[in-house]
Amino acid sequence: MICENAVLRGSSVAGDQPVLVGDHVFVGPHATLLGCEVGRCVYVATTATILQCARLGAGSVVAVGALVHARTVLPDEYFVPPHTVALDAPVRLLAAGDPGLAEAVRRVGFAQVAFRVDAEWTDRISRYEHIAEVRVAEFGTHADDEVLDVG
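Throughout what follows, the structure given in this document is the object of discussion. In this text the structure is predicted, and so the values were computed from the model without any measurement.

Let's shift gears to helix α1 (residues 101-108). Listed in full, the buried residues belonging to α1 are Leu101, Ala104, Val105 and Val108. Down the axis, α1 shows its buried residues gathered within 100° of arc, on one side only. Turning to α1, the residues buried within the fold contact β13 (84-87), β14 (92-95) and α2 (110-115). Note on α1: the residue one or two positions beyond its end, Gly109, has a positive phi of about 70°.

Okay, unusual backbone geometry next. For the peptide bond that leads from Ala89 to Pro90, omega is 5°, which places it in the cis range. At Glu77, a position not held by glycine, the phi torsion is positive, near 60°. Considering the arrangement of structural elements, one finds Glu77 in the loop between β11 (73-74) and β12 (79-80). In this structure Glu77 comes out as exposed when scored by relative accessible area, which is 68%.

Moving on to the packing of aromatic side chains. Applying the stated criterion across every chain yields a total of one aromatic pair. A ring pair is formed by Phe26 and Tyr43, whose centres lie 4.8 Å apart and whose planes are at 15°; its orientation type is stacked. Here Phe26 is found in strand β3 (residues 26-27), whereas its partner Tyr43 is found in strand β6 (residues 43-44), with 17 residues between them in sequence. Tyr43 gets classed as partly exposed once you look at its relative accessible area, which sits at 39%.

Moving on: the sheet that holds strand β7 (residues 49-50). Spatial ordering of the open sheet is given by β1-β4-β7-β10-β13-β14, a layout of six strands whose pairing is mixed. Edge positions in the sheet fall to β1 (7-9) and β14, since each of these pairs with one other strand and no more. Contacts from α1 reach β13 and β14, with the element oriented near 135° to β14.

Bringing a nonpolar patch on the surface into the picture now. A contiguous nonpolar surface patch, about 220 Å² in accessible area, is contributed by Ile2, Leu8 and Val21. Within the fold, Leu8 resides in strand β1. Residue classification places Leu8 among the partly exposed positions, given a relative accessible area of 36%.

Conventions adopted
Residues numbered from 1 in each chain as written. Predicted model: local features only at pLDDT ≥ 70, side-chain atom pairs only at ≥ 80, totals over all residues. Heavy atoms only, no water. Buried < 20%, exposed > 50% of the residue type's maximum accessible area, 1.4 Å probe, protein only. Helix = DSSP H or I, 4+ residues; strand = E, 2+ residues; numbered from the N terminus. Arc of directions from axis to C-beta. Contact = heavy atoms within 4.5 Å. Phe/Tyr/Trp six-rings, centres within 6.5 Å; stacked < 30°, edge-to-face > 60°. Pairing = 2+ DSSP bridges. Axes fitted to C-alpha atoms, helices over the stretch in contact; angles between N-to-C directions. Patch = residues over 30% accessible without salt bridge, like charges linked within 9 Å, V, L, I, M, F, W, Y side chains within 5 Å. Areas by Shrake-Rupley, 256 points an atom, 1.4 Å probe, with all protein chains shown as cover. Salt bridge = Lys/Arg side-chain N within 4 Å of Asp/Glu carboxyl O.

Pasting the structure below:
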């Protein structure tokens, strides 16, 4: 079941990144799934976010407001607590205020995984500039899309 205001978005910007959802999955309101794989019988709670190339094992739970970072692999029946960041494989959990979180996120290489942007972690301006250019090009490919009347 996909609830209201959930976002499921595949991408081909940094390789083939579809959103694959198994059977008996619950995706809560305002949850976001980007180019990830969700195994069967998974529960993704309200406002949870699953980033590119992450894989959620069967029966896993991503609680309210939690983030499963890019390339993270959750084993079957794994529980990610509310407002926690799950990252790496094997998975580890960090709280939002954990002093090691920034370094852990840097090691994930999110800009490369999501946008194929290779910019130094310390050069945020250059990195974000490149990411913005990639996003503009990505969304620009839809400039001539035709809106269908399905009603």
